[in-house]
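For reference, the chains in residue letters:
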Amino acid sequence: MVSNETRDSVCPFIDPKHTESYRCANDTDCKADAGKFIPSQNWQWAGKCLLQNGTGYCGVRGWCADVGSDNVGVLPFNPSAPWKLVHGVRQWSLLLRLNYAFPAFGITLNSAASGLLPGQNQWQIGDILEKAGVDFTAAAAEGAIVLMDAKFDCNLNVGSDEDCKPDWEFSRLDKTPAFSTGFNHYQTQYSPSQRNNRLVTKRFGLKIEFTVSGRAGKFSLVNLLIALGSGLALVSVASLVTDWILSNLWSKRDHYKRVRNASLDVAHLNIDPAYLKADLDESDGDVSHTDGATTWDVIDNLGTGTH
C-alpha cells in the first residue's frame, strides 16, 4: 500500500474498532479533546468535526494522506483502500540449508548434501502456511509470522549417519487478536524540495523464523559397564546404610535387633537332630544338653553350653 502524505494536515479519525466513539455533528462535539494526543498514536485531536462519506468524525492533526487544497485529507492506509498483491507467492519455493553437528560422535551433516528434498529442505510458501494453520488470503492482507522448528531425535545405532534427519513443526507466532496481528514494515521517501510531503509505502508480508533443537544417542559398552558397576555398588552400600539406620535411629530398633539376632528354629528347616548333634560333637569344645532334648532345646543350649 502506498500513501502520499502531507505534514500538519487534518483528517477524520476513523477507528474500525471504535467508530461510534469519535462521531460528531459539529465542531462543538470535538472541542473538549482539542490539543490532546491520542495514547500510543502520533495523532493530536484538532477540535474539528470533519465529514467523510456523509458521516461526521472528530478530526486529528498529523501526517494525513491525499490532502486537498483545504488541508483536509484522510487517514493513511485506510483498511478499505486498494492494495497491490504480488501474485504467485503461494507457489514460491523456499530452500533451507541446515548444517548441524554432534561433536560427541564426530558427526557433521548438511541437510542439502543430497540435493533438494521436499519436506526436508524445500517447501512451497503455500504449504508452510497451511501446516502453520495460516489462511493465505488473510496473510496476504495483513501479513503473518511463522515459526519453523527442526527437532532432532536420532538413534545412531540404526542405519547410517545420513539418516539422522529432523522432524519439522510449524506454528504461527503473531496471532494476537487484541493487538498487532500480522507482519508489516514501512518505507518512507522524502522529497528534497518539499519537506512537508512524503511518500510512505506499507508492505505486508510473511516473516519466517527458524529454530533447531534435539539430541542424538549411540550405544557405548564402556558407559554400560560404568552404569552397572555404579548400580551394584549402590546396592551393597544401601543394605549397610539401611541396617545402620534400623539399628540406631528407628524407634523400634530394639525389636529389630532381637529379630535380626534371634536363634534359628531348625525344626522349620527339616534337619535331622542326630545330624546336628554329630556336627556339634565334631566342633571344638562341648555343648551340654540333656538326652531326648528337642531340636529347639539343642539350639537354645548353644547360648548356655561350655566351650
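Reference entry: report on the structure contained in this document. Throughout, a residue's number is its position along its own chain's written sequence, starting from 1. In keeping with the predicted nature of the model, local features appear solely for residues at pLDDT of at least 70, side-chain atom pairs appear and are counted solely at 80 or more, and the whole-chain, interface and lining totals rest on all residues. In computing side-chain values, all of the structure's heavy atoms are included and hydrogens and water are not.

**Some details on the overall build of the chain**
A tally of regular secondary structure across the chain gives six helices and twelve strands. Only protein chains enter the area calculation, which uses a 1.4 Å probe; residues under 20% of their type maximum are buried, those over 50% are exposed, and those in between are partly exposed. In the chain, which comprises 307 residues, the proportion classed as buried is 28%. By definition, residues are in contact when any of their heavy atoms lie within 4.5 Å. Counted over contacts in the chain with a minimum sequence separation of 6, partners at least 24 positions apart contribute 60%. Exposure was quantified through the Shrake-Rupley algorithm and a 1.4 Å probe, taking into account, for residues, occlusion by the shown protein chains and nothing else. As presented, the chain carries roughly 20,700 Å² of accessible surface, and 54% of it is formed by carbon and sulfur atoms. Strands are runs of DSSP state E lasting at least two residues, helices are runs of H or I lasting at least four, and both sets are numbered from the N terminus onward.

**A look at the sheet that holds strand β1 (residues 2–12)**
Across the sheet, which stays open at both edges, the five strands sit in the order β2-β3-β1-β11-β10 with antiparallel pairing between neighbours. Sheet topology places β2 (44–52) and β10 (184–191) at the edges, where each strand pairs with a single neighbour. Strand-to-strand twist across the sheet, computed as the mean angle between neighbouring axes with direction ignored, equals 50°. A strand pair is defined by DSSP finding two or more bridges across the two strands. Judged from the six bridges that link them, β1 and strand β3 (residues 55–65) form a sheet pairing that is antiparallel. Axes, fitted as lines to C-alpha atoms, cover a helix only where it is in contact. Angles between the N-to-C directions of the axes lie from 0 to 180 degrees.

**A short note on the packing of helix α3 (residues 221–248) against helix α4 (residues 253–261)**
At a minimum axis separation of 7 Å, α3 and α4 run at an interaxial angle of 120°. Comparing their axes, α4 and α3 come out oblique. Between α3 and α4, the residues in contact are Asp 243, Leu 246, Ser 247 and Asn 248 and Arg 253, Tyr 256, Lys 257 and Arg 260, respectively. Looking at the contact of α3 with α4, its residues break down into two nonpolar, two polar and four charged. Between 65 and 115 degrees an angle is taken as roughly perpendicular, under 35 as roughly parallel, over 145 as roughly antiparallel, and anywhere else as oblique. Only Asp, Glu, Lys and Arg are considered charged in this grouping, and only Ala, Val, Leu, Ile, Met, Phe, Trp, Tyr, Cys and Pro are considered nonpolar; every other residue, Gly among them, is considered polar.

**Things to note about the state of the cysteines**
Criterion for a disulfide: a pair of cysteine sulfur atoms within 2.5 Å. As enumerated under the stated definition, the model contains four disulfides in all. With a sulfur-sulfur separation of 2.1 Å, Cys 30 is cross-linked through a disulfide to Cys 58. With the S-S bond torsion at -90°, the cross-link from Cys 30 to Cys 58 turns out left-handed. Taken as a pair, Cys 30 in the loop between β1 and β2 and Cys 58 in strand β3 lie far apart in primary sequence, 28 residues in all. Comparing Cys 30 with Cys 58 shows no difference in burial state: the two are buried. Each sulfur in the disulfide pair Cys 154 and Cys 164 lies 1.9 Å from the other. Its S-S torsion of approximately 80° makes the covalent link between Cys 154 and Cys 164 right-handed. Linking Cys 154 in strand β8 (residues 144–155) with Cys 164 in the loop between β8 and β9 (167–172), this pair joins segments that are ten residues apart in sequence. Of the two residues, Cys 154 and Cys 164, both sit in the buried class. For the chain, the disulfide bridges join cysteines in the arrangement 1-6, 2-4, 3-5, 7-8, where the cysteines are counted in sequence order.

**Side note on unusual backbone geometry**
Of note, the phi angle at Asp 8 is positive, near 55°, even though the residue is not glycine. Looking at the secondary structure, you find Asp 8 in strand β1. Located in the positive-phi region is Asn 53, a residue other than glycine, with phi close to 55°. Taking the relative accessible area as the measure of exposure, Asn 53 reaches 77% and is therefore exposed.

**Thoughts on the sheet that holds β8**
Spatial strand order, β9-β8-β12: three strands in an open sheet with mixed pairing. Looking at which strands have only one partner, the edges of the open sheet turn out to be β9 and β12 (206–217). In this sheet, neighbouring strand axes are inclined to one another by 20° on average, regardless of whether the strands run parallel or antiparallel. The pairing of β8 with β12 spans twelve bridges and is classified as parallel. Bridging from a neighbouring strand, Ala 144 pairs with Leu 206 of β12.

**What to know about a nonpolar patch on the surface**
On the surface, Phe 219, Leu 221, Leu 224, Leu 225 and Leu 228 cluster together into a nonpolar patch covering about 510 Å² of accessible area. Summarising the element assignment, Leu 221 is placed in helix α3. The patch calculation keeps residues exceeding 30% relative accessible area without a salt bridge and links them within 9 Å when they carry like charges or within 5 Å when they are nonpolar (Val, Leu, Ile, Met, Phe, Trp, Tyr). Here, a salt bridge means any side-chain nitrogen of Lys or Arg that lies within 4 Å of a carboxyl oxygen of Asp or Glu.

**Points about the pattern of salt bridges**
Going through the model one piece at a time under the given rule, you end up with eight salt bridges. One salt bridge connects Asp 33 with Lys 36, and the closest N-O pair in it is separated by 3.8 Å. The partner of Asp 153 in a salt bridge is Arg 215, and the shortest N-O contact between them spans 3.3 Å. Separated by 62 residues along the polypeptide, Asp 153 in strand β8 and Arg 215 in strand β12 bring together distant segments of the chain. Here Asp 153 falls in the exposed class, since its relative accessible area comes to 57%. Residue class for Arg 215 comes out exposed when judged on its relative accessible area of 58%. Where salt bridges share partners, they join Glu 142, Arg 172 and Asp 174 into one cluster.

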